[in-house]
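Observations on the model geometry
Residue strings, one per chain:
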Amino acid sequence: MVRKAVRMFAETELGPIARDIDRDARFPWEVVEKMRPLHFFGLQAPKAFGGAEMDSISYAITIEEISRVSAAVGLCLTVHNSVGIYPIERFGTEEQKRRFLPSMTRGERIGAFCLTEANAGSDAGGVETIAVRDGNDYIINGTKIFVTNGGICGTSLIFAITDPQNPQRSAGVFIVDKDTPGFAVGEIEDLCGMRANPVSSLFLEDCRVPETNLLCRPGDGLKIGLVTLDTGRLGIAAQALGLAQAAFEDAVRYSKERQQFRKPISSFQTIQNYLADMATEISAARLLLYRACAVKDSGGLFSAEAAMAKLFCSATATRVTNLAVQIHGGYGYSKEYDVERYFRDAKVTEIYEGTSEVQRMVIARDVLAQRT
Amino acid sequence: MLNIVVCLKQVPMVSELPWDPATGTLRRELAEGMMNPACRAALEAALRIREAQGGEITAITMGPKMAEEVLREAIALGADRGVLLNDRKMAGADTSVTSFTLARAIEKTCPEFDLVLCGFATSDSETAQVGPQLAEELDIPGVGYVDQIAVSGRTVRMQRLSDNFLETLEMDLPGLITVMTGAYIPRHVPMGGLQAAFDIADIVTLDAASLDLDPERIGVKGSATKILSVTSPLAGKKNVVLTGTPKRIVEQLFERFDDKIGGAIGKDLKADKKKRS
């Protein structure tokens, strides 16, 4: 029922514009307007702060269904909910939650999570953005790159070190409002896919924030980052799954319509094998993701499960969208059909919120540490 | 404070439903259920009336256990409670028996109702009979095919389009209204409501015994009408190519198809021709 409700919303509100917003690299504020009262910007946040308090499987289904129609909008939601709101909800003080969450769950302030820098990404320890204490404030300087939601963010979580002598142990996460003097949004990146999401750099130049904007203590940054990314990975996995599903449905439909040798191409065993593999991989990906969500909701450790789900769902998205283009032939390579968009969108799911290589690192660490 | 009852039906999502080309029937066993679009409009009307007047909305449906879903959806959208009439004995009911069963359930669960809202028809059977029959069963006035509803005190004013006339009608409460699809554009389901509809809301489930219904009077046994078969008429297409000069083509067109063209533009072309000659 969650699926039906979200699908109906996505198909009526996003369906007609999904292709255009990709072509024009335009973020659809008019749809955001409609999403706000429906709690799309506080999917898992507590009711007390205006959220919908969804469980993780419902959350995954929601992201999956939005992404099935527009992965770029799905991306905005998953980043906002999983790595924008969640860390504040999980690690913030009551005062911080009261101050930041309501405007975020109302969708007035879209969240962004800013870890990646020119010399840091997979290696979170390489962060060079620095926050220097000054009385009761911190003064932040640095540059963040490839920030999803960068061009539309209201509230950013900035990873910064507080002691250059000891970067690993001094990282902190600062909540920075976009109106803070010294905070500036860079050019919107011209990317291969997810073009309706304004990914940009963020510049922080003598950005002064009160110490009450620091989540936990200096030095807790890495821990917050890791826990947050575990959750974020479920969202990205769901997004990748939605893309795979969309490409698969298009491929099935097209293979039944397209005639070659006076038969629909779906009657050829080659195409049938493709479709069978796509269906199987999507099912496996879905189960892996929902299992990771269930483990999270039951309160267990889910780092490895989330990494497996993210690794497998994103690989599935890349393979399935690739095959969907193949099944469409020349038309699949044309912007007249949606599969080329799915194909472009899918690749980055293997890159952001931890590359596939990093996911394997996380999984291997878990395997070697405690499993037989 | 209005006490509103909305009758809902779960119908198969036909767009996703494969046809069996051999028999021309819908393969219902593969159907995903959805709330009938006109019922959705009726629920939207109820929600807007409640927003304006205050009150309580009871959503009621008869069907298999799976039909509970439309009640949860109604609650997610804002209905206060859901009543499911579920009993094998109720299955296979025709429209008359459906109205009878719904009426008894409404009397039992909402004896103080002010207004009953139904969709004007369902997308899977299109009879448009249950609403009016339900008004009869409840012995209250009923108005069908309504586009606009305004409640004021104990009267309700309605507008409906009938042919090219806009009718404005007034009815005393309690009464029943069937609502047109498209009259009230339904809102989207809020995510918060959805989770709550599953976590919190209880659905009241009633069977024939709890409604004191005679098993001979309900379901397939009580139904006077039977559907023998449902098939899709395979519409044959015939391509006709007219040749000649444009003038000759137009003449042929009117000679051979005057009845169809006349039907489309609402004129009796044969009579016109006679008159002219």
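Just so it is clear, the model here is predicted, and its values are computed rather than measured. (Residues numbered from 1 in each chain as written. Chains lettered and ligands numbered in written order. Predicted model: local features only at pLDDT ≥ 70, side-chain atom pairs only at ≥ 80, totals over all residues.)

1. Here we look at the nonpolar core
- Counting 187 residues, the largest nonpolar core has Leu-289 of chain A together with Val-6 and Val-179 of chain B as its most contacted members.
- Sorting elements by how many residues they give to this core places helix 10 (residues 303-328) of chain A first, with 14 residues.
- With near-sequence residues (within four places) excluded, Leu-289 of chain A lies in contact with Ala-60, Leu-234, Ala-237, Ala-238, Leu-241, Ala-309 and Cys-313 of chain A. (Core = buried A, V, L, I, M, F, W, Y, C linked by C-beta atoms within 7 Å. Buried ≥ 20, exposed ≤ 12 C-beta atoms within 10 Å, placed from the backbone. Helix = DSSP H or I, 4+ residues; strand = E, 2+ residues; numbered from the N terminus. Contact = placed C-beta atoms within 7 Å.)

2. Some points on the sheet that holds strand 10 (residues 148-152) of chain B
Residue and element names in this part refer to chain B.
- Taken in spatial order, the three strands line up as 10-11-12 in an open sheet, and their pairing is antiparallel. On the outer flanks of this sheet lie strand 10 and strand 12 (165-172), each paired with one strand and no other. The sheet shows a mean angle of 20° between the axes of neighbouring strands, taken without regard to direction. (Pairing = 2+ DSSP bridges. Axes fitted to C-alpha atoms, helices over the stretch in contact; angles between N-to-C directions.)

3. Remarks on the environment of Glu-44 of chain B
All names here are of chain B.
- As for its position among the elements, Glu-44 is in helix 1 (residues 37-53).
- Expressed as a C-alpha distance, the spacing of Glu-44 and Ala-67, which sit 23 residues apart in the sequence, is 19 Å.
- Here Glu-44 is in contact with Tyr-184, Pro-186 and Arg-187, once residues within four sequence places are set aside.

4. A few points about the environment of Arg-154 of chain B
Residue and element names in this part refer to chain B.
- In this fold, Arg-154 is placed in the loop between strand 10 and strand 11 (155-162).
- On a C-alpha basis, the gap between Arg-154 and Asp-172 in space is 6.0 Å, while along the polypeptide they are 18 residues apart.
- Discounting chain neighbours no more than four positions away, the residues touching Arg-154 are Asp-172 and Leu-173.

5. Some details on the packing of helix 2 (residues 68-77) of chain B against helix 5 (residues 191-199) of chain B
Residue and element names in this part refer to chain B.
- Close contact between helix 2 and helix 5 brings their axes to 8 Å; oriented N to C, the two are set at 130°. Accordingly, the angle class assigned to the pair helix 2 and helix 5 is oblique. The way helix 2 lies across helix 5 gives a crossing that is right-handed. Seen from helix 2, the contacting residues are Arg-72, Ile-75, Ala-76 and Leu-77; seen from helix 5, they are Gly-193, Leu-194, Ala-197 and Phe-198. (Parallel < 35°, antiparallel > 145°, perpendicular 65-115°, else oblique. Left-handed = near helix turned anticlockwise from the far one by under 90°.)

6. Here's the deal with helix 8 (residues 221-257) of chain A
- Taking 1.5 Å of rise per residue, 37 residues should cover 54 Å, and helix 8 of chain A covers 53 Å from first to last C-alpha, within 8% of that figure.
- Within helix 8 of chain A, 27 of the 37 residues are buried, which leaves it mostly tucked inside the rest of the structure. (Expected span 1.5 Å × (residues − 1).)

7. Observations concerning the pairing of strand 5 (residues 171-177) of chain A
Residues and elements named next belong to chain A.
- Counting buried positions along strand 5 yields six of seven residues, so the element is predominantly enclosed.
- By the bridge criterion, seven bridges tie strand 4 (residues 153-161) to strand 5 in an arrangement that is antiparallel. Across the sheet, the residue bridging to Ile-158 is Phe-174, located in strand 5.
- As judged from the two bridges shared by strand 5 and strand 8 (residues 214-215), these two strands associate in the antiparallel manner. Bridging across to strand 8, Phe-174 finds its partner in Leu-214.

Purely geometric numbers; function is a separate question.
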